[in-house]
Amino acid sequence: MNITANEVKTKGVSIFDKALNQFEEVFINVRGKNKFVVLGIDRYNEFRARELDVAYMKTMEDINKGDYKAQTAKQHLQDLINEL
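From a predicted model like this one, the values you see are computed outputs, not experimental measurements.

Visitor: Help me out: how do you make sense of the overall build of the chain in this one?
Guide: Secondary structure assignment for the chain yields four helices and three strands. Along the chain, from the amino end to the carboxyl end, the secondary structure elements read β-α-α-β-β-α-α. Taking 12 Å as the expected radius of gyration for a compact globule of 84 residues, we find that the chain reaches 21 Å, considerably beyond that expectation. Taken over the C-alpha atoms alone, the chain extends approximately 55 × 30 × 20 Å along its principal axes.

Here it is in structure tokens:
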């Protein structure tokens, strides 16, 4: 569902409650372009969990390929400093 920024201004955040009862996400349109997305907290948590799952899988792929470096925190900080 799309709503305009002006609707949010005039109706307040209560507009999201009604819209999210019917749709999984609400797009906020600013000057003719979708600029923001509003999700219910449960849907947001699902996205966040999937994002973390993908990060974990990528990390495990790197470990399985041997694409990692074992070092102390001090060594790691020095590497970061050297990159700056």
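Visitor: Looking at this structure, I do not really get the environment of serine 14. What am I missing?
Guide: For serine 14, the position within the fold is in helix H2 (residues 14-22). Sequence-wise, serine 14 and alanine 73 are 59 residues apart; in three dimensions their C-alpha atoms are separated by 48 Å. There is a polar contact of 3.1 Å between the side chain of serine 14 and the backbone oxygen of lysine 11.

Visitor: Sorry, what's going on with the pattern of salt bridges here?
Guide: Note on pairing: side chains with opposite charge can pair once their charged atoms come close. Applying the stated criterion to the full structure yields five salt bridges. Close ionic contact of glutamate 46 with arginine 50 constitutes a salt bridge, the shortest N to O distance being 4.0 Å. Residue glutamate 46 and its partner arginine 50 are both found in helix H3 (residues 41-65); the two are separated by four residues, about one turn of the helix. Judged by its relative accessible area of 38%, glutamate 46 is partly exposed. Aspartate 79 is the salt-bridge partner of lysine 69, the closest N and O atoms lying 3.2 Å from each other. Of this pair, lysine 69 sits in the loop between H3 and helix H4 (73-83) while aspartate 79 sits in helix H4; the two residues are ten residues apart in sequence, bridging distant segments of the chain. Three or more residues joined by partner-sharing salt bridges are found here, namely Glu24, Glu25 and Arg43.

Visitor: Explain the pairing of strand E2 (residues 25-30) here, please?
Guide: As a general feature of sheets, a regular strand has side chains that alternate between the two faces. By the bridge criterion, three bridges tie strand E1 (residues 2-4) to E2 in an arrangement that is parallel. Note on E2: the bridge partner recorded for asparagine 2 is phenylalanine 27. One ladder, built from six bridges, connects E2 with strand E3 (residues 33-39); its direction is antiparallel. Bridging across to E3, isoleucine 28 finds its partner in phenylalanine 36. What sits between the antiparallel neighbours E2 and E3 is a turn of two residues, in which arginine 31 has the positive phi angle 50°.

Visitor: Mind showing me how you'd approach H2 here?
Guide: Side chains three or four residues apart in an α-helix point the same way, a direct result of the helix having 3.6 residues per turn. Those residues of H2 not exposed but buried are Ile15, Phe16 and Ala19. Projected down its long axis, H2 shows its buried positions confined to an angular sector of 90°, all on one face. When the buried face of H2 is taken as reference, the exposed residues oriented beyond 90 degrees from it are Ser14, Asp17, Lys18 and Asn21.

Basis of the calculations
- Residues numbered from 1 in each chain as written.
- Predicted model: local features only at pLDDT ≥ 70, side-chain atom pairs only at ≥ 80, totals over all residues.
- Heavy atoms only, no water.
- Helix = DSSP H or I, 4+ residues; strand = E, 2+ residues; numbered from the N terminus.
- Rg over C-alpha atoms; globule rule 2.2 N^0.38 Å.
- Polar contact = N/O pair within 3.5 Å; in protein donor to acceptor, adjacent residues only side chain to side chain.
- Salt bridge = Lys/Arg side-chain N within 4 Å of Asp/Glu carboxyl O.
- Buried < 20%, exposed > 50% of the residue type's maximum accessible area, 1.4 Å probe, protein only.
- Pairing = 2+ DSSP bridges.
- Arc of directions from axis to C-beta.

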